Amino acid sequence: MDKKTKHSRRTEKPDGGKTTARHAALSLLCRIDGGGYSNILIDSMLRDGTLAGDEGALAAYLVRGVTERRITLDYIIARLASRPLAKIDVKTKNILRLGLFQLAFSDRIPPHAAVCETVALAPHDARGFVNAVLRTYQRTVEEGEFPFPEKRGKGIKYLSVCYSVCEALCRELVAAYGTARTEKMLGAFLEQSPLTLRVNTARCTRDALCRALEESGFEASPTAASPWGVRVTGAGLPACLTGNVPTAFAEDEAAQLAVWVLGAVPGERVLDACAAPGTKSISAALEMDGRGEIVACELHESRVGLIVKSAARQGVGIIHAVCRDSTQPPGGEKFDRVLCDVPCSGYGAVRRKPEIRYRAPEESADLPALQGAILAASAEALKPGGVLVYSTCTVLPRENEDVVGAFLAAHPDFRTQPFTLPDGTDAPEGILTLTPDMPLGTDGFFICKMVRTA
């Protein structure tokens, strides 16, 4: 992201005008304000071929950047604009966000280009207003740092504005982790999320996958903890994901580690209580060497097919995908291992889904009850001596330690079991919260390993 973006050829719009990266970015940002999701809209834009090469990459970069920094950008606009933020129409507001993001946070776009190209996006009657805000920002930072909120007390306003996270989430994180740790975590949430692959060990070794990626122009390195993971850097999607016989699939290292902790072996029966899209079931099946059975549950019928399709692409034949409500015990079936990777608020995946940073924790207040119900019902299916793993992709204790604590208090026949990850990361109490500011650099993720004693 430190290289200057090249200005590539621009494709023709139907009316004879030009579709530029900034035009496309503005359109997507307005759609996001209307309820769209940035990752879905960006993927659609890149697939439809409206923008050529570098222009598409620039548009994606701008949309992601503005979406991640929206609270910060709106704070700047509110301080500099001649009218209240609420009185600025959506299009003009997004034009200002685009320009200020380029000036404040991008070292790949020259300031003069950022101002001129941004002003050109505005309707004629708004160009003077847009130009004035951008020029005022330039003058302000030339004279010193922009006056952001001071870091006082618990620093909630400071954290919210500087790291573009809603104040309610900042308060909950500070209560759980303290101000200093929360600031490190929020800083890591603004870093680019790595592309991490899980090698299909039935088709390829990890070393062979790394060599193939490097021969194709990518940088590839083995993950530090997961024995199956590869971190990839480079433009585009590698052939190992898109070919007719894929040799890997995308999965963050933390999610891979949940399956490693589960420890499924050939010949066992495994229950995956919340399986879609199926990557953890596939990962467990690969470790079982095609022997045994995995029952992969999904509440919504439309997503059961996604599990089936994903398993077929990876050549896995021991996964039995079913439509099932996992808050209800699965009959008289018994399993050697159970994985409860439950629905959660997703606050560990902020790097991949930036809209989550604006979602107040109160919106997911009912999740712990659902998570606890899934955990309790699924635990009934575990054989004595079997292993149960509870995991989420959130960093909120009320969805993690609190849910596990309530479950253990009500189920004396279960206890946590210590584990140590392959890189030496230790979980002596059988409970581990990973965050992106930790040395592994994974998504935020929670893993708890339990065993049934009777």
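Residues numbered from 1 in each chain as written. Predicted model: local features only at pLDDT ≥ 70, side-chain atom pairs only at ≥ 80, totals over all residues. Heavy atoms only, no water.

A. Molecular detail of the overall build of the protein chain. Looking only at helices and strands, the protein chain has 17 helices and 16 strands in total. Taking 22 Å as the expected radius of gyration for a compact globule of 454 residues, we find that the protein chain reaches 24 Å, a close match to that expectation. Along the first, second and third principal axes, the C-alpha atoms of the protein chain reach 75 × 50 × 40 Å. With 454 residues in all, the protein chain has 53% of them scored as buried. (Helix = DSSP H or I, 4+ residues; strand = E, 2+ residues; numbered from the N terminus. Rg over C-alpha atoms; globule rule 2.2 N^0.38 Å. Buried < 20%, exposed > 50% of the residue type's maximum accessible area, 1.4 Å probe, protein only.)

B. Layout of helix H6 (residues 111-121). Those residues of H6 that fall on the buried side of the exposure criterion are Ala113, Ala114, Val115, Thr118, Val119 and Leu121. Looking at the packing, one finds that the buried side of H6 touches helix H1 (21-33), helix H5 (90-105) and helix H7 (127-143). (Contact = heavy atoms within 4.5 Å.)

C. The pairing of strand E8 (residues 293-298), seen in detail. The buried fraction of E8 is high, at five of six residues. Two strands pair when backbone bridges link them, and strand E7 (residues 269-272) and E8 are joined in this way by four bridges, in the parallel orientation. Each bridged residue has a counterpart across the sheet, and for arginine 269 the counterpart in E8 is glutamate 293. With respect to chirality, the unit in which E7 leads through helix H14 (residues 279-287) into the neighbouring parallel E8 is right-handed. Note: E8 against strand E9 (residues 319-323), five bridges, orientation parallel. Paired with valine 295 across the two strands is histidine 320, which belongs to E9. In the classification by handedness, the crossover that spans E8, the intervening helix H15 (residues 301-313) and the parallel E9 is right-handed. (Pairing = 2+ DSSP bridges. Right-handed = clockwise from strand over helix to strand, strands pointing away.)

D. Representation of the pattern of salt bridges within the structure. In the structure shown here, the tally under the stated rule is 20 salt bridges. Here glutamate 293 makes a salt bridge to arginine 269, at a shortest N to O gap of 3.0 Å. Taken together, the positions of glutamate 293 in strand E8 and arginine 269 in strand E7 put the pair 24 residues apart, joining distant regions of the chain. One connected set of salt bridges, linked through shared partners, spans Asp252, Arg351, Arg352 and Asp443. (Salt bridge = Lys/Arg side-chain N within 4 Å of Asp/Glu carboxyl O.)

E. Region of interest: the side chain of threonine 425. Along the chain, threonine 425 turns up in the loop between strand E13 (419-420) and strand E14 (426-427). Under the relative-accessibility criterion, threonine 425 is labelled buried at 19%. Among the polar contacts made by the side chain of threonine 425, one reaches the side chain of aspartate 423 at a distance of 2.9 Å. The contacts of threonine 425, once residues within four sequence positions are left out, are Phe419, Thr420, Leu432 and Leu440. (Polar contact = N/O pair within 3.5 Å; in protein donor to acceptor, adjacent residues only side chain to side chain.)

F. Broad picture of the packing of H1 against H6. Put simply, H1 and H6 touch, their axes get as near as 10 Å, and they point 60° apart. One way to sum up the angle between H1 and H6 is to call them oblique. Read as a crossing pair, H1 and H6 show a hand that is right-handed. Residue-level inspection shows Arg22, His23 and Leu26 of H1 in contact with H6, the latter providing Ala113, Glu117 and Leu121. For the contact of H1 with H6, the class distribution of residues is three nonpolar, one polar and two charged. (Axes fitted to C-alpha atoms, helices over the stretch in contact; angles between N-to-C directions. Parallel < 35°, antiparallel > 145°, perpendicular 65-115°, else oblique. Left-handed = near helix turned anticlockwise from the far one by under 90°. Nonpolar A, V, L, I, M, F, W, Y, C, P; charged D, E, K, R; others polar.)

G. Molecular detail of the packing of helix H4 (residues 70-80) against H5. Two elements in contact, H4 and H5, have axes separated by 9 Å at closest approach and are oriented at 100°. In terms of axis orientation, H4 runs roughly perpendicular to H5. Together, Arg70, Thr72, Leu73, Asp74, Ile76 and Ile77 of H4 and Lys93, Leu96, Arg97, Leu100, Phe101 and Phe105 of H5 make up the contact between the two elements. In the contact of H4 with H5, the residues fall into seven nonpolar, one polar and four charged.

H. Representation of the sheet that holds strand E5 (residues 229-233). With antiparallel pairing, the four strands of this open sheet are ordered in space as E4-E5-E3-E6. Where the open sheet ends on each side, the last strands, each with one partner, are strand E4 (219-222) and strand E6 (248-250). Taken over all neighbouring pairs, the strand axes of this sheet differ in orientation by 30° on average, direction set aside. As paired strands, E4 and E5 are joined by four bridges and run antiparallel to one another. Residue pairing in the sheet places proline 222 in a bridge with valine 230 of E5. Sheet strands touched by helix H13 (residues 253-262): strand E3 (195-199) and E5. Its angle to E3, the strand with the most contacts, is close to 30°. Contacts between H14 and the sheet are confined to E3 and E6, with E6 contributing the most and set at about 150° to the helix.

I. Representation of the nonpolar core in the model. Ranked by size, the top nonpolar core spans 53 residues in total, and within it Leu209, Leu213, Ile294, Val316, Ile319 and Ile447 carry the most contacts. Top element by residues in this core is H13. It accounts for seven residues. Those residues in contact with isoleucine 294, other than ones at most four positions away along the chain, are Val270, Ser281, Ala284, Ala285, Met288, Ile318, Ile319 and His320. Ranked by size, the runner-up nonpolar core spans 46 residues in total, among them Tyr61, Ile77, Val133 and Val161. (Core = buried A, V, L, I, M, F, W, Y, C linked by side-chain atoms within 4.5 Å.)

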